[in-house]
Amino acid sequence: MWYQAGSETLACGESCIIPAALSGVRILPTGQLESAASLIACYVPDLESDIVMPLRSLGHSDDHIRALGEVGIKPSPWLS
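Residues numbered from 1 in each chain as written. Predicted model: local features only at pLDDT ≥ 70, side-chain atom pairs only at ≥ 80, totals over all residues. Heavy atoms only, no water.

Topic: the packing of aromatic side chains
So, step 1. Counted under the stated rule, the structure contains zero aromatic pairs.
So, step 2. Of note, R26 hangs over the ring of W2, and the distance from its end group to the ring centre comes to 5.9 Å. (Phe/Tyr/Trp six-rings, centres within 6.5 Å; stacked < 30°, edge-to-face > 60°. Lys NZ or Arg CZ within 6 Å of the ring centre and 35° of its normal.)

Quick notes on the pattern of salt bridges
So, step 1. Counted according to the given criterion, the structure contains three salt bridges.
So, step 2. With a closest N to O distance of 3.7 Å, E48 and R56 form a salt bridge.
So, step 3. The class of R56 is buried, set by a relative accessible area of 17%.
So, step 4. The shortest N-O distance in the salt bridge between D62 and R56 comes to 2.8 Å.
So, step 5. Using a relative accessible area of 18% as the deciding quantity, one classes D62 as buried.
So, step 6. Here the salt bridges share partners, and the residues they tie into one network are E48, R56 and D62. (Salt bridge = Lys/Arg side-chain N within 4 Å of Asp/Glu carboxyl O. Buried < 20%, exposed > 50% of the residue type's maximum accessible area, 1.4 Å probe, protein only.)

Thoughts on a nonpolar patch on the surface
So, step 1. Taken together, the side chains of I18, L22, I27 and L39 define a hydrophobic patch exposed on the protein surface, amounting to about 330 Å² of accessible area.
So, step 2. With respect to the helices and strands, I18 occurs in the loop between strand 2 (6–7) and helix 1 (47–57). (Patch = residues over 30% accessible without salt bridge, like charges linked within 9 Å, V, L, I, M, F, W, Y side chains within 5 Å. Areas by Shrake-Rupley, 256 points an atom, 1.4 Å probe, with all protein chains shown as cover. Helix = DSSP H or I, 4+ residues; strand = E, 2+ residues; numbered from the N terminus.)

Here it is as structure tokens:
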């Protein structure tokens, strides 16, 4: 993996996190064809703005949102 400030080599089975702010990354698998790289693109959502607020705006109650799992809910300033 090459990027502006340098490079990294990962062995088979190793993984790394590439920050979204890091631009211009080149990833080139090396070795045999069988050892091609697998990439998983994902992000960690902001629970309040990406999950809680959209569900509230659709009319879902805080109790229903909490039932999704480990969703910490701050009290809404608009609800009393």
